[in-house]
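# Tertiary structure, described
The residues making up each chain are set out below.
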Amino acid sequence: KAGVTQTPRYLIKTRGQQVTLSCSPISGHRSVSWYQQTPGQGLQFLFEYFSETQRNKGNFPGRFSGRQFSNSRSEMNVSTLELGDSALYLCASSDSDRGGGYTFGSGTRLTVV
Amino acid sequence: AQSVSQHNHHVILSEAASLELGCNYSYGGTVNLFWYVQYPGQHLQLLLKYFSGDPLVKGIKGFEAEFIKSKFSFNLRKPSVQWSDTAEYFCAVIPMYSGGGADGLTFGKGTHLIIQP
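Residues numbered from 1 in each chain as written. Chains lettered and ligands numbered in written order. Predicted model: local features only at pLDDT ≥ 70, side-chain atom pairs only at ≥ 80, totals over all residues. Heavy atoms only, no water.

## A closer look at the overall build of chain A
A tally of helices and strands in chain A yields zero helices and eleven strands. N-terminal to C-terminal, the α/β element order of chain A is β-β-β-β-β-β-β-β-β-β-β. Relative to the compact-globule value of 13 Å for 113 residues, chain A shows a C-alpha radius of gyration of 13 Å, a close match. When its C-alpha atoms are laid out on the principal axes, chain A stretches across 35 × 25 × 25 Å. Across chain A, the fraction of contacts at a sequence separation of at least 24, relative to all contacts at a separation of at least 6, is 53%. (Helix = DSSP H or I, 4+ residues; strand = E, 2+ residues; numbered from the N terminus. Rg over C-alpha atoms; globule rule 2.2 N^0.38 Å. Contact = heavy atoms within 4.5 Å.)

Printed below as a string of structure tokens:
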């Protein structure tokens, strides 16, 4: 079974731009969640999608948004990028909608300059 | 909101030493508990998980963890560590709501474990 695939692996963007990150979950997994990892704040939950519906959202500003498609693939968008958005963005998928085990992808390293 | 506390940010051990990493969480209701490991340059991998039943759970690579509900703890243990266990270890919880839904994972800050040969 292929794992969770995130693209691209690395991104460099300029402050004020917007960015879209992509995540393909493990085949059959309907839950996709996103996390931000930084040295200062650690791993923080952004949001979770299940069957194309956002079920939960973490404490992030509205500049962070996402969506899930009918094939369970998910995208995350960050608008009006700030320097503080530089981070590793991780996607995780699960076959459960009840807090089951999550499999993580390798992440997208976003650098905002 | 729930929180997770990992008491040791950096741990240095020699090979063959025993390991125990502490994890405490704050949430009054039912939770699912996890330990993840991140080896240098690699992605997060699930070591073990606890949902219900026997509070002593065994995971991969000889790791185990014990859930003590009264102490809100889920400590990770390994009787004899190896150099290859050098990694970052994260404890995580997810609250289970009465309606059967779940929130996202809340992670601890992580413990950087270095095993000296």
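Next comes the rest of the account.
## Here we look at the overall build of chain B
Regarding its fold elements, chain B presents zero helices and twelve strands. Relative to the 2.2 N^0.38 estimate, which gives 13 Å for 117 residues, the radius of gyration of chain B is 14 Å and therefore close to what a compact globule would have. Taken along its principal axes, the extent of the C-alpha atoms in chain B is 50 × 30 × 20 Å. Relative to its 117 residues, chain B shows a buried fraction of 48%. Sequence-distant contacts, at least 24 apart, represent 56% of the contacts inside chain B between residues at least 6 apart. Here chain B has roughly 5,500 Å² of accessible surface; of this, 54% comes from carbon and sulfur atoms. Taken together, the 8 basic and 8 acidic charged side chains of chain B have centroids lying 3 Å from each other. (Buried < 20%, exposed > 50% of the residue type's maximum accessible area, 1.4 Å probe, protein only. Areas by Shrake-Rupley, 256 points an atom, 1.4 Å probe, with all protein chains shown as cover. Lys, Arg positive; Asp, Glu negative; His and termini not counted. Charge placed at Lys NZ, Arg CZ, Asp CG, Glu CD.)

## Observations concerning the interface of chain B and chain A
Contact with chain B, which involves 19 residues of that partner, is made by 20 residues of chain A. For the pair chain B and chain A, the summed buried area comes to about 1,500 Å², and 54% of that belongs to carbon and sulfur atoms. There are zero salt bridges connecting chain B and chain A. Linking chain B with chain A are four residue pairs in polar contact (both at pLDDT 80 or more), by the criterion used here. Going through the elements one at a time, β5 (31–38) and β10 (87–95) of chain B are the ones with two or more residues in the side of chain B that touches chain A. Looking at the side of chain B that touches chain A, the element that brings in the most residues is β5(B), giving four residues. Looking at side-chain class alone, the side of chain B that touches chain A contains ten nonpolar, six polar and three charged residues. (Buried area = accessible area lost by both parts, 1.4 Å probe. Salt bridge = Lys/Arg side-chain N within 4 Å of Asp/Glu carboxyl O. Polar contact = N/O pair within 3.5 Å; in protein donor to acceptor, adjacent residues only side chain to side chain. Nonpolar A, V, L, I, M, F, W, Y, C, P; charged D, E, K, R; others polar.)

## Description of the environment of F104(A)
Residue position: F104(A) is located in strand β10 (residues 103–104). When its relative accessible area of 2% is taken as the criterion, F104(A) is described as buried. Measuring from C-alpha to C-alpha, the distance between F104(A) and T53(A) comes to 20 Å, with 51 residues separating the pair along the chain. Once residues within four sequence positions are removed from consideration, F104(A) is found in contact with V4(A), Y35(A), L90(A), C91(A), A92(A), Y36(B), H43(B), L44(B), L105(B) and F107(B).

## As for the nonpolar core
Judged by nonpolar contacts, the single largest core of 28 residues is most densely connected at L33(B), W35(B), L47(B), L48(B), F74(B), L76(B) and Y89(B). Not counting residues up to four positions away in its chain, the partners in contact with F74(B) are C23(B), L33(B), F34(B), W35(B), L48(B), Y50(B), V57(B), A65(B), E66(B), F67(B) and C91(B). One finds V4(A), L11(A), F64(A) and C91(A) within the second-largest nonpolar core, a separate group that totals 21 residues. (Core = buried A, V, L, I, M, F, W, Y, C linked by side-chain atoms within 4.5 Å.)

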